[in-house]
Amino acid sequence: MVTRDEEHSTRGRANALRAAMSGVLPASELTSPRMAKVMELCISCKACKAECPSAVDMARIKTEFLARYYQVHGTPLRVRFFGHAATLNRLGSGRRAPLTNAALRSRIGRAVGHRLLGLAPQRALPEMARVPFETWWRKHVATSIPQPMATIVLLIDPFTNYNHPEVGIAAVEFFEAIGVEIAAAPALDDGRACLSKGLVADARRAAERMVVALSPWAERGLPVVGLEPSGLLTLRDEYLHLLPGDERARALAGHALTFEEFVDGLAEGHDLRPFFADEPRRVLLHGHCHQKALVGTGPARRVLALPGYRVTEVDSGCCGMAGSFGYEAEHYDLSMQMGERRLLPAVRETPPETIIAAAGVSCRQQIAHGSGRMALHPAQVLRRALRSNP
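Residues numbered from 1 in each chain as written. Predicted model: local features only at pLDDT ≥ 70, side-chain atom pairs only at ≥ 80, totals over all residues. Heavy atoms only, no water.

A. Local environment of unusual backbone geometry. Its identity as a non-glycine residue notwithstanding, Lys-46 has a phi of 70 degrees, on the positive side. Relative to the helices and strands, Lys-46 is located in the loop between helix H2 (33–40) and helix H3 (47–51). A positive phi angle, near 50 degrees, is found at Ala-322, a position not held by glycine. Taking relative accessible area as the criterion, Ala-322 reaches 23% and is therefore assigned partly exposed. (Helix = DSSP H or I, 4+ residues; strand = E, 2+ residues; numbered from the N terminus. Buried < 20%, exposed > 50% of the residue type's maximum accessible area, 1.4 Å probe, protein only.)

B. Spotlight on helix H7 (residues 97–105). For H7, the full list of buried residues reads Ala-97, Thr-100 and Asn-101. Projected down its long axis, H7 shows its buried positions confined to an angular sector of 95 degrees, all on one face. Contacts from the buried residues of H7 go to helix H6 (85–92). (Arc of directions from axis to C-beta. Contact = heavy atoms within 4.5 Å.)

C. View of the environment of Ile-61. Structurally, the position occupied by Ile-61 is in helix H4 (residues 58–73). With 50 residues separating them along the chain, Ile-61 and Ala-111 place their C-alpha atoms 34 Å apart. Sequence-distant contacts of Ile-61, defined by excluding residues within four places in its chain, comprise Leu-17 and Val-56.

D. Expanded view of the packing of aromatic side chains. Per the counting criterion, the structure on display carries eleven aromatic pairs. Ring pairs connect the aromatic residues Phe-174, Phe-175, Phe-259, Phe-262 and Phe-276, which therefore count as one cluster. (Phe/Tyr/Trp six-rings, centres within 6.5 Å; stacked < 30°, edge-to-face > 60°.)

E. Main features of a positive patch on the surface. Together, Arg-90, Arg-95, Arg-96, Arg-130, Arg-138 and Lys-139 give the surface a local cluster of positive charge. Turning to its location among the elements, Lys-139 is positioned in helix H9 (residues 133–139). (Patch = residues over 30% accessible without salt bridge, like charges linked within 9 Å, V, L, I, M, F, W, Y side chains within 5 Å. Areas by Shrake-Rupley, 256 points an atom, 1.4 Å probe, with all protein chains shown as cover. Salt bridge = Lys/Arg side-chain N within 4 Å of Asp/Glu carboxyl O. Lys, Arg positive; Asp, Glu negative; His and termini not counted. Charge placed at Lys NZ, Arg CZ, Asp CG, Glu CD.)

F. The environment of His-331, seen in detail. Mapped onto the secondary structure, His-331 falls in the loop between strand E6 (310–313) and helix H20 (332–341). On the basis of relative accessible area, His-331 is assigned to the buried category, the value being 5%. For the pair His-331 and Pro-186, spaced 145 residues apart in sequence, the C-alpha separation works out to 34 Å. A distance of 2.5 Å separates the side chain of His-331 from the side chain of Glu-40, its partner in a polar contact. (Polar contact = N/O pair within 3.5 Å; in protein donor to acceptor, adjacent residues only side chain to side chain.)

G. Broad picture of the pattern of salt bridges. Considering all chains together, one arrives at 21 salt bridges under this definition. For the salt bridge of Lys-37 with Glu-40, the shortest nitrogen-to-oxygen distance reads 2.9 Å. Of this pair, Lys-37 and Glu-40 both sit in helix H2, separated by three residues, roughly a single helical turn. Its relative accessible area of 47% is what places Lys-37 among the partly exposed residues. When the shortest N-O distance is used, the salt bridge between Arg-78 and Glu-328 registers 4.0 Å. Placement of Arg-78 in helix H5 (residues 77–83) and of Glu-328 in the loop between E6 and H20 is noted, with a sequence separation of 250 residues between them. By the burial criterion, Arg-78 is buried, and Glu-328 matches it. When salt bridges that share partners are traced, they join Lys-46, Lys-49, Asp-57, Arg-60, Arg-192, Asp-237 and Glu-238 into one network.

Note that all results are geometric; they support no functional claim without further evidence.
Okay, structure coming up:
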């Protein structure tokens, strides 16, 4: 949509791969630097899986391509850096957070990131939380709910845990306020970052750990509710390919729901409107790419309307951040052009009293960077809309 180049379309990438696999091009081209350039601008948004008549899943194909490409050419340091973001964020958060954040914000820190990793100096990496969610959760005294409306497992992804614990805290407070019991809130690495960078073996190990940790809850029939769309939907999509034939993974996939899906389903059987203050507001919603491709934004629109809010959705495509894509120096300008197609102008034109909602952490980062507006996760929006909100 931005470059207007056939090579950068799903069809163009698929045709290039098919030519190498069928013998039209030399077999060596399948893992050549030229093929890497063809695949480079695939942002793994999964729109092709939902919109292509043949349901070509270019995101999964790209992951496999990258894995084979690295076998031939080696794995770059930047790929390892972003792929293992969960580990690095764990090491940099908590008591080390003030020092880590100061280093990341400093001119020297940005210069090192640019020279060593090829990071865009215009962007700041996400700050680390002084109190990660898992630390807060260990000290949290759950509200007693004699007859819970439902019982869930709240899955906390690495970015919510180490960078944005306020999102997880808002979800806990919202659920407890409406009478949903949280049986557990495990903070686990779902392997999404490794998968997006082609580190398939590492992603598979993360998937195995996740399945071992969560399958007992799924066997009890408890919903596993996630806050980050790309992380939660990995359980429903890629895990079935990473762990083929694993019945535990299939059972877990059947119980995995996004925050919006679960609340939307809850609202079908319970009237949640009395929990909210009568304060009409407007909400501008931007849907996450994986959310739009695998779930749709219907649940998000409906739950954001529960407090009586008027919800408008931006027909924006990808925000342009796409995980690490917008942090990479050679892709920064393109990522901003993607955001400027529709999303960022729509946010800037929205009155300041309008709530900007986006479930994806990358989407919220792009909105903040490109417009100066703070976007909220739907869990934060609903938490703030409660009558009991202080």
